[in-house]
Amino acid sequence: MKKYQTLLYYCYSHIAEAEQFAADHLKFCKSLDLVGRIIVADEGLNGTVSGSPESCEAYMKAIHADERFAKTEFKIDEVEEPSFLKMHCRYKSEIVHSGLRDTSIINPNEKTGKHLEPTEFMKMKDDEDVVILDVRSNYEHNLGKFKNAITLDIENFRDFPDQINQLAQYKDKKILTYCTGGIKCEKASALLLHHGFNDVYQLHGGIIKYGKEAGGKDFEGKCYVFDNRIAVDVNQVNPTVVSVCYNCGKTTPKMINCANPECNEHITQCDECGEELQGCCSTACTTNPRRRPYDGTGYYVKVPQPVAKKIAETSVV
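Counting restarts for each chain, with residues numbered from 1 along the sequence as it is written. Confidence filtering applies because this is a predicted model: local features only for residues at pLDDT of at least 70, side-chain atom pairs given and counted only at 80 or more, and all residues used for totals across whole chains, interfaces and linings. Note: side-chain values were computed over all heavy atoms of the structure, leaving out hydrogens and water.

**Q** Account for the overall build of the protein, with residues named and values stated.
**A** Along the protein, the regular secondary structure elements total eight helices and 15 strands. In terms of overall dimensions, the protein is globule-like: its C-alpha atoms have a radius of gyration of 20 Å, near the 20 Å expected for 317 residues. With respect to the three principal axes, the spread of C-alpha positions in the protein is 55 × 50 × 35 Å. Per-residue burial over the protein gives 52% buried out of 317 residues. Here a strand is any run of E in DSSP of at least two residues, a helix any run of H or I of at least four, and the numbering for each starts at the N terminus. As defined in this context, the radius of gyration uses C-alpha atoms, and a globule is described by 2.2 Å times the residue total to the power 0.38. Type-normalised accessible area, obtained with a 1.4 Å probe on protein chains alone, sets the label of each residue: buried when under 20%, exposed when over 50%, and partly exposed for intermediate values.

Put into structure tokens, the structure is as follows:
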């Protein structure tokens, strides 16, 4: 049995005095000896936290006890070690950066795509009148995506609104959007509806939930995650590798960060090129004086700090 858990979650729910909430919530998470990354905004929460099963259970119980977050769904992964080194909880303008902050136009609590559970998504995805739309960034869908999915050439989700016009040819189709955990689809599907797409759906719980509840069928490659694991397996039914080495084009499932910290590009790279370039994306990056030592992983993480079993007697604020 694995010793730790990693929780992935989000919740669109208004938070009054969100900046103060972020500071208080950071203290609460530290009291539970959790590590992770949480974004707090006026519109809600977006987080991934990791720790002992007892700590994670206490955290979920506290979140659900707050009426603002009572409907929050947690995706739970069993892991060998905590998926982060430290605990961060920061206030930002959005819980996922999109530039779509006008709630009179986009408000996931009022209007968004129809939620499809994983088994429903699996049944619909191959219908002739359906288009599967990946709303994630290039480095994410280059590592893995659904079979026959349409991908967009975007570096960040904030570039998504500028791509709407390129999707106009699909307005008479059923649009099935998906992302890692579902959070991006809440705004992406709402924006599609705003622009006249009438039949819009989203994969509830994203790729992660699809893998857990539907076996990941027809998801090709691996799923990028925003923690030290970098990528996780999804497909237990018909797995395949679709990503290729950034440098030589050889098929590889391995994703790394460039060893040059001033570049830090996310790339897929085979072991041979990794050794030759010492974990850098290019020869130019190998000459950077700040280049990090390459240990074969390309993750650049230290030994995770121990997670204590003692749970502090406190409540979420």
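After that view, the rundown keeps rolling.
**Q** Describe the packing of aromatic side chains, naming the residues involved and giving the relevant values.
**A** Paired rings are identified among Phe, Tyr and Trp, the last through its six-membered ring, by centres lying within 6.5 Å, and are further divided according to the angle between planes into stacked (under 30 degrees), edge-to-face (over 60) and tilted (the rest). Taken as a whole and judged by the stated rule, the model has 14 aromatic pairs. Seen from their ring centres, Phe 157 and Phe 160 are 5.7 Å apart, and the 20° between their planes marks the pair as stacked. Comparing Phe 157 with Phe 160 shows no difference in burial state: the two are buried. An aromatic cluster is defined as three or more aromatic residues linked by ring pairs; in this entry it consists of Phe 121, Phe 146, Tyr 178, Tyr 210 and Phe 219. Both a distance and an angle decide whether a charge sits over a ring: NZ of Lys or CZ of Arg must be within 6 Å of the ring centre and within 35 degrees of the ring normal. When the ring centre of Phe 197 is taken as origin, the NZ or CZ atom of Lys 171, which lies over that ring, is 5.4 Å away.

**Q** Explain the nonpolar core to me, using residue names and the numbers behind them.
**A** Counting residues in hydrophobic clusters, the biggest one holds 29 residues, and the most contacted among them are Leu 133, Val 135, Phe 160, Leu 192 and Phe 197. Counting only elements with at least two residues in this core, the list comes to strand 1 (4-12), strand 2 (35-41), strand 7 (130-134) and helix 5 (183-194). The element best represented in this core is helix 5, accounting for seven residues. Here, two residues are considered to be in contact whenever any of their heavy atoms come within 4.5 Å of each other. Beyond its immediate sequence surroundings of up to four residues, Phe 197 is in contact with Ile 164, Leu 167, Ala 168, Tyr 170, Lys 171, Ile 175 and Leu 192. In terms of nonpolar packing, the next biggest core, distinct from the first, is built from 24 residues, Ile 15, Leu 32, Ile 38 and Tyr 59 among them. Put simply, a nonpolar core is a bunch of buried Ala, Val, Leu, Ile, Met, Phe, Trp, Tyr and Cys residues held in one set by side-chain atoms that sit within 4.5 Å of each other.

**Q** An account of the pattern of salt bridges is requested, with residue identities and associated values reported.
**A** Definition used for salt bridges: Asp or Glu carboxyl oxygen within 4 Å of a side-chain nitrogen of Lys or Arg. In total, this model carries 18 salt bridges according to the counting rule given. When the shortest N-O distance is used, the salt bridge between Glu 94 and Lys 187 registers 2.7 Å. Residue Glu 94 is located in the loop between strand 5 (87-91) and strand 6 (114-116), and its partner Lys 187 is located in helix 5; the two are separated by 93 residues in the primary sequence. Asp 134 is paired through a salt bridge with Arg 136; the nearest N and O atoms lie 2.8 Å apart. Owing to a relative accessible area of 0%, Asp 134 belongs among the buried residues under this scheme. Judged by relative accessible area, Arg 136 falls into the buried class, the value being 0%. One continuous salt-bridge network, built from bridges that share partners, spans Asp 77, Lys 212, Asp 227 and Arg 229.

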